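Here is what each chain is made of, one letter per residue.
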Amino acid sequence: MLLAPAATAAPVRATAPPGAAARAFDRGDYPQAVALARQRLRALPRDTSARLVLARAEAALGRFEDAYQSFRRVLALQPRSTDALYYLSILGGVLAQGEYDRLFAQAPESPRAHQLRGDLHVAQERPADAEAEYKAALEAAPASLDVLIALGDLTRHQSRFEDALGYYGRAAELAPHNYDVLYGSGVCRSYRQEYPLAIESFHEALRVDPSSAPAHLALGHALLQSGQAAAAVPELEAAARLEPRMLQAQYLLGRAYRTLGRAQDAEAAFARVKKLVDGQAQDAAAALEGDPLGQKKQPEALPPPDKP
């Protein structure tokens, strides 16, 4: 008599089916989503969809460091993955906040803690509080380049150019070729109408970062204001090429072209200005005549093209 064949066990699925991890995530079963995503990745390690689900599920479970590394692996395979970049930017903020909290708890009066509080006040548009924190940081660490630049930028945006130049000057003693120091000093000099010194600063800034549209714009403006329209045009064209939607660059180009008698080019530049203004909220237009470098927080009205 032949023995009946033994019952065959149901085959174990070696790889989770496509979408199984995502469905578990959507119904809020994050541990199962992690398990299914890992199962699929063991067989298909380059499956970025599964790795994205894994990263999101890890983040949902509070495993932020693991999630961060998973998103980075997605980007290693797909550097332009918008999903990975989006979630990574959010997760970066969460991780940073955790580090801030640790710093504030462990060393609340440290220079770095004061600096970070100053940065938060700047983001909240509370300049007086920001300045107090930065000054406290500087008192504890007088040679802090970051804090000196932060104070220079803060006072510059308040049009306190003398104070800003003082901070930038101290920063320059520590890092004479720092772009932020050179650019910030140049802007201060430009608004004080000290154009030769401004031009020198902007030239130095562009030697550090030749691709800086703001520095090309600022140099072009200083050259234009000092009667060097021909020299200003290449700088302003570079700024407009690097940042096609930079309103100030197009406006100053129109002025420079007009000064040089290039009426057709000037008309085209002013047409681009009008198109850009029409495509923006009114409060996004910089004060092109009174504030050509976008220094002030509250812009003035756009001047007409024929205003000198």
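Our subject is the structure listed above.
This one's a predicted model, so the numbers in the text were calculated from it and none came from an experiment. (Residues numbered from 1 in each chain as written. Predicted model: local features only at pLDDT ≥ 70, side-chain atom pairs only at ≥ 80, totals over all residues. Heavy atoms only, no water.)

Participant: What am I meant to see in the nonpolar core here?
Facilitator: Soluble globular proteins tend to bury their nonpolar side chains together. Among the nonpolar cores identified, the biggest contains 39 residues, and Y183, F202, L217, L236 and L253 are the most heavily contacted of them. Put simply, the parts of the chain that give this core at least two residues each are α10 (179-191), α11 (195-208), α12 (213-225), α13 (229-242), α14 (247-259) and α15 (263-278). No other element matches the eight residues that α12 contributes to this core. In this structure, L236 is in contact with H216, L217, G220, H221, A249, L252, L253 and A256, ignoring residues within four places of it in sequence. Counting 18 residues, the second-largest nonpolar core is a separate cluster that includes A130, A137, A150 and V181. (Core = buried A, V, L, I, M, F, W, Y, C linked by side-chain atoms within 4.5 Å. Buried < 20%, exposed > 50% of the residue type's maximum accessible area, 1.4 Å probe, protein only. Helix = DSSP H or I, 4+ residues; strand = E, 2+ residues; numbered from the N terminus. Contact = heavy atoms within 4.5 Å.)

Participant: Just to check I follow, could you spell out helix α3 (residues 48-60) for this structure?
Facilitator: For α3, built from 13 residues, the straight-helix expectation of 18 Å at 1.5 Å per residue is met to within 8% by its first-to-last C-alpha distance of 18 Å. For α3, the set of buried residues is T48, A50, R51, L52, V53, L54, A55, A57 and E58. Of the residues trailing α3, G62 is marked for its positive phi of about 85°. (Expected span 1.5 Å × (residues − 1).)

Participant: Help me out: how do you make sense of the packing of α3 against helix α4 (residues 64-77) in this one?
Facilitator: Helix-helix packing is described using two parameters, namely the angle between the two axes and the distance between the axes. For the pair α3 and α4, the least separation of the axes is 8 Å and the interaxial angle reads 160°. Classified by the interaxial angle, the pair formed by α3 and α4 is roughly antiparallel. In this structure, the crossing between α3 and α4 has a hand that is left-handed. Listed contacts from α4 to T48, R51, L52, L54, A55, R56, E58 and A59 of α3 are F64, D66, A67, S70, F71, R73, V74 and L77. Taken together, the residues of the contact of α3 with α4 sort by class into nine nonpolar, two polar and five charged. (Axes fitted to C-alpha atoms, helices over the stretch in contact; angles between N-to-C directions. Parallel < 35°, antiparallel > 145°, perpendicular 65-115°, else oblique. Left-handed = near helix turned anticlockwise from the far one by under 90°. Nonpolar A, V, L, I, M, F, W, Y, C, P; charged D, E, K, R; others polar.)

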